Amino acid sequence: MRTRWGELEVRDAHIHFFSHGFFTLLARQKEGLRVEEMGPVLGWEMPPQEPEQLAARWVQELDRHGVAQAVLIASLPGDEDSVVAAVRAFPTRFYGYFLLNPLAPDAFSRAERALEAGLRGICLFPAMHHFSLHDDRLRPVWELAAARGAVVFVHCGVLTVGVRNKLGLASPFDLRFSNPVDLHGIALRYPKVRFVIPHFGAGYFREALMVADLCPNVFLDTSSSNSWTRYQAPPVELRAVFERALEVAGARRLLFGTDSSFFPRGWHRAIFDQQVEALAAIGVGEQDARSIFGGNLARLLGNTLS
């Protein structure tokens, strides 16, 4: 992609793969909710039944914007196979992560199957599923990630899921489990596991920086509008967020992401443009820009194209 730093190979570390399977799972959570009725309510294009077709749509969309590769996230437990199909259809364009409820009876076997099928990251949402990262029941997950070289993506901070709100689905999340500090001891105990905290900690920016400073195996994902900045006192601009993150974690542990998810919006170009502007404003050089916008993800996931 052509940018002010020249031609960059851009990789997006955070795209939600809202497949037909994803919406089918959502429909089971509310009596009377039907997949075919969701499109008009959401104002979105509903995906085709075959995940390979949705993956092809994403390839066209990324081509249109000049994005080389992306991480696709299965955004509900149980939809791993949709992302497996997408990655297998386009193995040079996508990497796959999956959402796991580690307290579910089949959590370990589900995670093991997903990693064996080629997915590369386990996504944990402690506030969504009401668990502490220090719960002993998570030990098999950490050990599996260490053994398989999997990335562990841990959502911290404020959690809202717009699609649930629009469909009238309850979101009984609990922020007590959302502090990045909880990851500190785990990251130290498993130094070979690469952990990713998205959205700069989503409101727990200071805490995310503390953990990243103390744990060299912790990365920060830059994705979304980062509207959490309004919780800071006083509110901070994105350029200040990047400046502090670069100072503490360094350019090689920041992963560019958009948090894109649905069509017709597609790839969230405005997020990319905002981050380019913020980094340019603080004088980030070409080498660091190349790392943030794609090089770091390639290193993290062992990209064969780099």
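Structure first, text after, so check above.
Residues numbered from 1 in each chain as written. Predicted model: local features only at pLDDT ≥ 70, side-chain atom pairs only at ≥ 80, totals over all residues. Heavy atoms only, no water.

S.K.: What's the story with helix α13 (residues 286-301) in this structure? I'm lost.
M.R.: Helix length check: α13 (16 residues) gives 22 Å between terminal C-alpha atoms against 22 Å at 1.5 Å per residue, within 8%. The sharpest bend along α13 reaches about 60° and sits at I292. Every buried residue of α13 is accounted for by A289, S291, I292, F293, G294, N296, L297, A298, L300 and L301. (Helix = DSSP H or I, 4+ residues; strand = E, 2+ residues; numbered from the N terminus. Expected span 1.5 Å × (residues − 1). Bend = angle between axes of the 7 residues up to and from the residue. Buried < 20%, exposed > 50% of the residue type's maximum accessible area, 1.4 Å probe, protein only.)

S.K.: Before we go on, may I ask you to explain the pattern of salt bridges in this structure?
M.R.: Between side chains of opposite charge, pairing is possible as soon as their charged atoms come close. For the structure on display, the rule yields 18 salt bridges. Salt-bridge contacts for R110 lead to D106; the nearest nitrogen and oxygen are separated by 3.0 Å. As a salt-bridge pair, D135 and R137 come within 2.7 Å of each other at their nearest N and O atoms. Judged by relative accessible area, which is 52%, R137 ranks as exposed. Connected through shared salt-bridge partners, R34, E36 and E37 make up one network. (Salt bridge = Lys/Arg side-chain N within 4 Å of Asp/Glu carboxyl O.)

S.K.: Is there a simple way to think about the pairing of strand β4 (residues 67-74) in this case?
M.R.: Looking down a regular strand, the side chains alternate between one sheet face and the other. By the criterion of burial, β4 is predominantly enclosed, with seven of the eight residues buried. Bridging between strand β3 (residues 10-16) and β4 involves five bridges; their strand directions are parallel. Bridged to D12 within β4 is A70. You can see the chain leave β4, run along helix α4 (residues 80-89) and come back into strand β5 (residues 94-99), and the turn it takes is right-handed. (Pairing = 2+ DSSP bridges. Right-handed = clockwise from strand over helix to strand, strands pointing away.)

S.K.: Looking at this model, I keep getting lost on the sheet that holds strand β10 (residues 254-255). Mind explaining?
M.R.: Within a sheet, neighbouring strands are paired by backbone hydrogen bonds and run either parallel or antiparallel to one another. Taking strand neighbours across the sheet as the criterion, the eight strands line up as β3-β4-β5-β6-β7-β8-β9-β10 in an open arrangement whose pairing is parallel. Of all strands in the sheet, those with a lone pairing partner are β3 and β10, marking the two edges. Two strands pair when backbone bridges link them, and strand β7 (residues 151-154) and strand β8 (residues 195-197) are joined in this way by two bridges, in the parallel orientation. Opposite F153, over in β8, you have V196 as the bridge partner. On top of the sheet, α13 reaches β3, β4, β5, β7, β8, β9 (218-221) and β10; it is set at about 75° to β3, its chief contact. (Contact = heavy atoms within 4.5 Å. Axes fitted to C-alpha atoms, helices over the stretch in contact; angles between N-to-C directions.)

S.K.: Hey, could you run me through the nonpolar core in this one?
M.R.: Of all hydrophobic cores here, the largest spans 76 residues; its most connected members are F195 and F200. Sequence-distant contacts of F200, that is, excluding residues within four places in its chain, are made with F205, A208, L220, D221, T222, N226, W228, L238, V241, F242, A245 and L254. One finds A27, V151, V196 and F262 within the second-largest nonpolar core, a separate group that totals 36 residues. (Core = buried A, V, L, I, M, F, W, Y, C linked by side-chain atoms within 4.5 Å.)

Read these as spatial facts, not as claims about activity.
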